[in-house]
Amino acid sequence: SACSLSKTRSQTVPGEGNPTSRIMFIGEAPGYNEDQRGTPFVGRAGNILEQLLQSIGLNRGEVFITNMVKCRPPKNRDPQVEELNSCSNFLDDQIIAINPSIIVTLGRFSFAKFFPDLSLNRSRGHPHLWNGINIFPMYHPAAALYNPALRPRLELDFSKIPQLLDNFLKADLMTSETAPDVTERQLGLFD
Ligand code: URA
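Residues numbered from 1 in each chain as written. Predicted model: local features only at pLDDT ≥ 70, side-chain atom pairs only at ≥ 80, totals over all residues. Heavy atoms only, no water.

### A word on the overall build of the protein
Turning to step 1, where the next piece is worked out: Across its full length, the protein carries nine helices and six strands.
Turning to step 2, where the next piece is worked out: Put simply, the protein has 191 residues, and 50% of those count as buried.
Turning to step 3, where the next piece is worked out: Put simply, of all contacts in the protein between residues at least 6 apart along the chain, 71% involve residues at least 24 apart.
Turning to step 4, where the next piece is worked out: Total accessible area on the protein stands at roughly 9,600 Å², and carbon and sulfur atoms take up 50% of it. (Helix = DSSP H or I, 4+ residues; strand = E, 2+ residues; numbered from the N terminus. Buried < 20%, exposed > 50% of the residue type's maximum accessible area, 1.4 Å probe, protein only. Contact = heavy atoms within 4.5 Å. Areas by Shrake-Rupley, 256 points an atom, 1.4 Å probe, with all protein chains shown as cover.)

As structure tokens, then:
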């Protein structure tokens with residue numbers, strides 16, 4: 001109930017998946033279908049995300065999927081700054097709890113959480129280190145619905161994930177037990 005989206009939502013959409021996954025996906029906000037079901041990425045953008053995951057041999061149960069805001073903005077409008085701010089502590093806690101090696105940001109809102117000054121067009125498909133976590137930006141899957149020409153770019157960016165995971169797993173002998181913890185201090189929450 002931290003912001004007014006709580007008044008128009010049907011239910012919260014906190015996120016779902018494997019809480020010990022080394023990889024986490026962060027989208028923008030729930031849409032109509034997500035609001036109805038309480039699950040992220042279950043509509044048309046979700047279909048594309050599932051196909052992209054499948055193309056690299058993963059399914060949604062093996063990763064963790066969430067959004068910048070946990071309630072649907074009315075008429076699927078963009079989340080506003082106050083809404084993003086009111087909801088950010090939930091996402092910060094999820095990042096601390098899951099402690100992933102890679103965070104794939106889907107679209108401009110989630111990339112801007114970590115790198116507010118960088119251009120998504122120029123940064124997509126390249127890992128960016130942030131507090132010991134590799135942020136891997138890409139376009140939002142819904143972008144391919146509006147502009148099918150973007151689909152090959154999403155596919156190309158996704159195709160890099162297995163190698164990245166492999167490298168990071170090897171580098172850090174990553175299991176959820178041995179991975180370094182992301183602390184509140186690293187996230188800058190108390191600075
Ligand atoms: N788009 C998002 O960003 N998140 C969802 O959960 C669904 C569509």
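Read on, since the account is not over.
### Thoughts on the site of the ligand
Turning to step 1, where the next piece is worked out: Neighbouring residues of the ligand: Gly-27, Glu-28, Ala-29, Glu-34, Pro-40, Phe-41, Asn-67 and His-140.
Turning to step 2, where the next piece is worked out: Residue Glu-28 places a main-chain N or O atom 2.8 Å away from an oxygen atom belonging to the ligand.
Turning to step 3, where the next piece is worked out: At 3.0 Å from a nitrogen atom of the ligand is found a main-chain nitrogen or oxygen belonging to Ala-29.
Turning to step 4, where the next piece is worked out: Against a free-state accessible area of 240 Å², the protein chains account for coverage of 91% of the ligand. (Near = heavy atom within 4 Å. Polar contact = N/O pair within 3.5 Å; in protein donor to acceptor, adjacent residues only side chain to side chain.)

### Some points on the environment of Thr-105
Turning to step 1, where the next piece is worked out: Within the secondary structure, Thr-105 is located in strand 4 (residues 102–106).
Turning to step 2, where the next piece is worked out: By relative accessible area, Thr-105 is classed as buried at 0%.
Turning to step 3, where the next piece is worked out: Between the alpha carbons of Thr-105 and Ile-26 there is a distance of 5.0 Å; along the sequence they are 79 residues apart.
Turning to step 4, where the next piece is worked out: Among all residues touching Thr-105, those that are not within four sequence positions of it are Ile-26, Ser-110, Phe-111, Phe-114, Ile-135, Phe-136, Pro-137 and Met-138.

The values are spatial; any link to function lies outside them.
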